[in-house]
Amino acid sequence: QVQFVESGGGLVQPGESLTLSCAVSGSSLYISAMGWYRQTPEKQRDLVAGMLLSGETIKYADSVKGRFTISRGNAKNTVILQMNNLKFEDTAKYYCAAGSRFSWSQSEWTYWGQGTQVTVSS
């Protein structure tokens, strides 16, 4: 059974920062890529940032380049998403994803967390 621990969401004002953390654990688990998606009621779930845990591949959506940074955490199968200069349009539920390879397509990711809400409001 795969378990996700996602943390770090919350309510912030525009221009502020948040750090999301995701840790995945489970037996017979093979993960080589992790990422963060986000979704609002009006939009489909889109990739925000993703990476191979080896560090060879790191990808960002154009809308977050220069503001968000994804990195591998110290613990196994952990990623951190540092979000700076948050904007109103970053408001969404953020989902951690994990799988055996990186893909822009959500259907290629094997495991999904429950999500954490990020709200940017003045």
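Up top is the structure.
Residues numbered from 1 in each chain as written. Predicted model: local features only at pLDDT ≥ 70, side-chain atom pairs only at ≥ 80, totals over all residues. Heavy atoms only, no water.

Undergrad: Any details on the overall build of the chain? Residues and values, ideally.
TA: Helices and strands together make up the secondary structure of the chain, namely zero helices and eleven strands. Going residue by residue from the N terminus, the α and β elements of the chain occur as β-β-β-β-β-β-β-β-β-β-β. Relative to the 2.2 N^0.38 estimate, which gives 14 Å for 122 residues, the radius of gyration of the chain is 13 Å and therefore close to what a compact globule would have. Each of the three principal axes of the chain carries a C-alpha extent, and together these read 45 × 30 × 25 Å. For the chain, with 122 residues in total, the buried portion stands at 42%. Within the chain, contacts between residues at least 6 apart in sequence are counted, and of these 57% link residues at least 24 apart. Accessible surface, the chain as shown: approximately 6500 Å² in total, 44% of it carbon and sulfur. Here the chain contributes 11 positive and 9 negative side-chain charges, whose respective centroids are spaced 4 Å apart. (Helix = DSSP H or I, 4+ residues; strand = E, 2+ residues; numbered from the N terminus. Rg over C-alpha atoms; globule rule 2.2 N^0.38 Å. Buried < 20%, exposed > 50% of the residue type's maximum accessible area, 1.4 Å probe, protein only. Contact = heavy atoms within 4.5 Å. Areas by Shrake-Rupley, 256 points an atom, 1.4 Å probe, with all protein chains shown as cover. Lys, Arg positive; Asp, Glu negative; His and termini not counted. Charge placed at Lys NZ, Arg CZ, Asp CG, Glu CD.)

Undergrad: Describe the packing of aromatic side chains, with residues and values.
TA: Considering all chains together, one arrives at four aromatic pairs under this definition. Seen in terms of ring centroids, Tyr37 and Trp109 are 6.3 Å apart; in terms of plane orientation they differ by 80°. Their pairing is edge-to-face. With Tyr37 in strand 4 (residues 33-39) and Trp109 in the loop between strand 9 (92-99) and strand 10 (111-112), this pair connects stretches of sequence that are 72 residues apart. Trp109 carries the same exposure label as Tyr37, and that label is buried. Between the aromatic rings of Phe102 and Trp104, the centroid separation amounts to 5.7 Å while the plane-to-plane angle is 80°, which identifies the pairing as edge-to-face. Look at Trp104 and you get partly exposed, because its relative accessible area is 47%. Here a set of aromatic residues connected by ring pairs shows up, and it is made of Tyr37, Phe102, Trp104, Trp109 and Trp112. The ring of Tyr95 carries Arg45 above its face, with NZ or CZ at 3.7 Å from the centroid. Above the plane of the ring of Trp112 lies Arg45, whose end atom (NZ or CZ) is 4.9 Å from the centre. (Phe/Tyr/Trp six-rings, centres within 6.5 Å; stacked < 30°, edge-to-face > 60°. Lys NZ or Arg CZ within 6 Å of the ring centre and 35° of its normal.)

Undergrad: Could you give an account of the state of the cysteines, naming the residues involved and the relevant values?
TA: Summed over all chains, the structure comprises one disulfide. Between the sulfur atoms of Cys22 and its disulfide mate Cys96 the distance is 2.0 Å. Measuring the twist about the S-S bond at about -85°, one finds the Cys22-Cys96 disulfide to be left-handed. Placement of the pair is Cys22 in strand 3 (residues 18-25) and Cys96 in strand 9, with a sequence separation of 74 residues. Considered together, Cys22 and Cys96 belong to a single accessibility category, that of buried residues. (Disulfide = S-S within 2.5 Å.)

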